[in-house]
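# Residue-level structure breakdown
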Amino acid sequence: MEWTSDQDRIDWNVLSELYRIAPLGDKKPEDLKRAFGNSMYKCFAFEAGILAGTGRAVADGVDCSYICDIAVHPRFQGRGLGKEIATRLRDLSRGHRKIILYANPGTEPFYEKLGFRHMLTAMAIFSNEDAAIKKGLIAPSA
């Protein structure tokens, strides 16, 4: 596996396709380029020239690092690549007062093994609240 944080090597259309087939939703290439460009830490894994996995962390260098958008190509899933990406981003984020990770419902036990704990005070505003409720990302208002 070849690892890089150099986003100049990234074909954003290929990255967009990776998120679609992972499956983690439809993310526009131009949105991904902007999001990764605004992230302090990023990690891309290639095998034989194929983008096998990726992830990023939005961080301020002191207080908070937010790990997100971890995706692994289906061909490489089940081989520990997601764990390696999450671990690399967690380690890059060391020194921040808090490292936050957004997990899809059902993946929490995976991240607990890496040291992450459930937050009791996390709140969110989603642009599509109904979809977020349906996916189990947020609770409906009381």
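Quick look at the structure, then. What you see is a predicted model, and the numbers here were worked out from it, not measured in a lab.

The rules behind each value
- Residues numbered from 1 in each chain as written.
- Predicted model: local features only at pLDDT ≥ 70, side-chain atom pairs only at ≥ 80, totals over all residues.
- Heavy atoms only, no water.
- Helix = DSSP H or I, 4+ residues; strand = E, 2+ residues; numbered from the N terminus.
- Buried < 20%, exposed > 50% of the residue type's maximum accessible area, 1.4 Å probe, protein only.
- Expected span 1.5 Å × (residues − 1).
- Contact = heavy atoms within 4.5 Å.
- Phe/Tyr/Trp six-rings, centres within 6.5 Å; stacked < 30°, edge-to-face > 60°.
- Lys NZ or Arg CZ within 6 Å of the ring centre and 35° of its normal.
- Axes fitted to C-alpha atoms, helices over the stretch in contact; angles between N-to-C directions.
- Parallel < 35°, antiparallel > 145°, perpendicular 65-115°, else oblique.
- Core = buried A, V, L, I, M, F, W, Y, C linked by side-chain atoms within 4.5 Å.

Moving on, we come to unusual backbone geometry. Here the bond from A22 into P23 is cis, since omega is -15°, no more than 30 degrees from zero. The phi torsion at D69 lies on the positive side, around 55°, for a residue other than glycine. Summarising the element assignment, D69 is placed in strand β4 (residues 64–72). Overall, the relative accessible area of 18% leaves D69 in the buried class.

Helix length check: helix α3 (residues 81–92), at 12 residues, gives a terminal C-alpha distance of 16 Å against a target of 16 Å (1.5 Å per residue), a fit within 8%. Taken as a whole, α3 has its buried residues at L81, G82, I85, A86, T87, L89 and R90. Those residues of α3 that are buried are in contact with β1 (2–4), β2 (41–47), β3 (50–59), β4, β5 (98–101) and α4 (108–112).

We now examine the packing of aromatic side chains. Inspection of every chain in the model, using the stated rule, returns five aromatic pairs. R56 extends its terminal NZ or CZ atom over the ring of F36, reaching a point 5.8 Å from the ring centre. Positioned above the aromatic ring of W3 is the side chain of R88, whose terminal nitrogen or guanidinium carbon lies 3.8 Å from the ring centre.

What follows deals with the packing of helix α1 (residues 12–21) against helix α2 (residues 29–37). Running from N to C, α1 and α2 point in directions that differ by 100°, and their axes come no closer than 8 Å. The orientation of α1 relative to α2 falls into the category roughly perpendicular. On the side of α1, the interface is formed by W12, N13, L15, S16 and Y19, while α2 contributes P29, L32, K33 and F36.

Attention now moves to the nonpolar core. If you look at the biggest cluster of nonpolar residues, it comprises 18 residues, and the most contacted ones within it are I67, I70, L81, I85, L89, Y111 and F116. Secondary structure elements with two or more residues in this core: β2, β3, β4 and α3. Here this core takes four residues from α3, the largest share from any one element. Discounting chain neighbours no more than four positions away, the residues touching I85 are W3, C43, G53, T54, G55, I70, A71 and V72.

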